[in-house]
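Summary of structural features
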Amino acid sequence: TILVLGASGQIGTELTQKLRLIYKNNNVIASDIREGNEEMMSSGPFEIIDATDKETILKIVKKYNVTQVYLLAAMLSATAEKFPQKAWDLNMTSLLSVLDLAKEKHIKQVYWPSSIAVFGPTTPKNNTPQKTIMEPTTVYGISKISGEFWCNYYHEKFGVDVRSLRYPGIISWKTKPGGGTTDYAVDIYFKAVKDKNYECFLSENTRLPMMYMNDAVEATIRLMQAKPEDVKIRTSYNLAAIDFTPKEIALEIQKHIPDFTISYKSDFRQKIADSWPQSIDDSEARKDWNWQHQFNLESMTKDILKSLNKPQEETV
Ligand code: VAH
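Basis of the calculations
Residues numbered from 1 in each chain as written. Predicted model: local features only at pLDDT ≥ 70, side-chain atom pairs only at ≥ 80, totals over all residues. Heavy atoms only, no water. UniProt positions renumbered as here; feature names shortened; annotations may be inferred. Axes fitted to C-alpha atoms, helices over the stretch in contact; angles between N-to-C directions. Helix = DSSP H or I, 4+ residues; strand = E, 2+ residues; numbered from the N terminus. Parallel < 35°, antiparallel > 145°, perpendicular 65-115°, else oblique. Left-handed = near helix turned anticlockwise from the far one by under 90°. Contact = heavy atoms within 4.5 Å. Pairing = 2+ DSSP bridges. Buried < 20%, exposed > 50% of the residue type's maximum accessible area, 1.4 Å probe, protein only. Core = buried A, V, L, I, M, F, W, Y, C linked by side-chain atoms within 4.5 Å. Near = heavy atom within 4 Å. Polar contact = N/O pair within 3.5 Å; in protein donor to acceptor, adjacent residues only side chain to side chain. Areas by Shrake-Rupley, 256 points an atom, 1.4 Å probe, with all protein chains shown as cover. Nonpolar A, V, L, I, M, F, W, Y, C, P; charged D, E, K, R; others polar.

By the naming in an unreviewed UniProt entry, the chain is NAD-dependent epimerase/dehydratase family protein, taken from Polaribacter marinus. According to the UniProt record, the Sequence similarities (unreviewed entry) comment for the chain reads "Belongs to the NAD(P)-dependent epimerase/dehydratase family."

The structure is reproduced here in structure tokens:
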């Protein structure tokens, strides 16, 4: 069975849903520090787990015979700048706990997300390569680059089958934004539908690598299903789909909501965004395990606005 830690979060929510579709509801145990949305709580097993608590994770691993752990619990970039120590503790203790469970052979496979946040202001900004200068200037980026080297270490030294992707900004509509810098591109859709206006905390030409949730979930599962010998990178794979600026996403929304207006008021998150690349080269992932994204800005916007305009059960 599969255990998802951080299942109530932005990625965890949709990853759990997809994993339950593929592996059947009762084979995917969702867990988080707080309960998730109605759909997740009613469709399969759920356990309250603090992802830094190795003993409780081990107890649940034994209770359900868990063989794979997806660790999606983390504190994201903007919140991590406000609570550096808490962010480091959560992001690192949770990873080392799960890596140790794999090293001790309690579980067979681990998924852990990294991020474009591992790149910093000295990294080449366009088509950022897999191997390049990585001098992160955010707490979140420091925790992610450290985590990547821990994953590689546990793989090399103890044969742990841990796999990882450097997610770009991930855009979805099923959960509210969770403290990320790229979350303006999540919030903008909610505000466009509700208020027909959005005040963006990044400047209009801030270009960032982005991806629709459907693509991110697909890539994650495809990587985990790949043959071990095809997973050549054990720090973390670059992963890419699209890149856009607040101005470009606003124009795309206006094709559907003509009277939507956007204003700009940069805050502390501008500095975080300016330290990240504008586009990513993910040719290694496409080569090693046949990765291919499906959604562009146009099809993503259509899909999100269609979904937000349908009568929905209460979203988290
Ligand atoms: C964040 N959504 O903004 C996350 C992600 C690349 C951005 O790591 O912190």
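From this point on, the discussion continues.
1. Here's the deal with the packing of helix α7 (residues 184-195) against helix α9 (residues 246-254)
Closest axis-to-axis distance for the α7/α9 pair is 11 Å, and the angle between their directions is 30 degrees. As summarised for this structure, α7 and α9 are arranged roughly parallel, according to the angle between their axes. Handedness of the α7/α9 crossing: right-handed. Residues Tyr184, Ala185, Ile188, Tyr189 and Ala192 of α7 form the contact with α9, whose own contacting residues are Pro246, Ile249 and Ile253.

2. Structural notes on the sheet that holds strand β2 (residues 28-32)
As summarised here, the arrangement of the 6 strands in space is β3-β2-β1-β4-β5-β7, forming an open sheet in which the pairing is parallel. Both outer strands of the open sheet, β3 (46-48) and β7 (161-163), are each paired with one neighbouring strand and no more. Going across the sheet, the axis of each strand differs from the next one's by a mean of 20 degrees, ignoring polarity. Both strand β1 (residues 2-5) and strand β4 (residues 68-71) contribute to a ladder of 4 bridges, which runs parallel. The residue bridging Val4 from the neighbouring strand is Tyr70, located in β4. Across the sheet, helix α1 (residues 10-23) lies against β1, β2 and β4, angled at about 165 degrees from β2, the strand it touches most. Packing of helix α5 (residues 84-103) onto the sheet brings it into contact with β1, β4, β5 (109-111) and β7, and relative to β4 it is tilted by some 170 degrees.

3. Quick word on unusual backbone geometry
At Lys105, a position not held by glycine, the phi torsion is positive, near 65 degrees. When you line up the elements, Lys105 lands in the loop between α5 and β5. Judged by relative accessible area, which is 64%, Lys105 ranks as exposed. In this structure, Asn290 takes a positive phi of about 65 degrees despite not being glycine. Inspection of the secondary structure puts Asn290 in the loop between α11 (283-289) and α12 (297-309).

4. Describing the nonpolar core
Among the nonpolar cores identified, the biggest contains 80 residues, and Tyr184, Tyr189, Phe244 and Trp289 are the most heavily contacted of them. In this structure, Tyr184 is in contact with Tyr198, Cys200, Phe201, Leu202, Met210, Phe244, Thr245, Pro246 and Ile249, ignoring residues within four places of it in sequence. Judged by nonpolar contacts, the second largest core, of 25 residues, contains Leu58, Ala102, Trp112 and Val160.

5. Looking at the environment of Ser307
With respect to the element layout, Ser307 can be found in helix α12. A C-alpha to C-alpha distance of 9.1 Å links Ser307 and Lys174, two positions 133 residues apart in sequence.

6. Considering the site of the ligand
Inspection of the region around the ligand gives Leu76, Ser77, Ser115, Ile116, Tyr140, Pro168, Gly169, Gly180, Thr181, Thr182 and Trp276 as its neighbouring residues. A distance of 2.6 Å is found between an oxygen atom of the ligand and a side-chain nitrogen or oxygen belonging to Ser77. Here an oxygen atom of the ligand sits 3.0 Å away from a polar atom, N or O, in the side chain of Tyr140. For the ligand, whose free accessible area comes to 270 Å², the fraction covered by protein is 96%. Of the residues assigned to the shell around the ligand, the class counts are 5 nonpolar, 6 polar and no charged.

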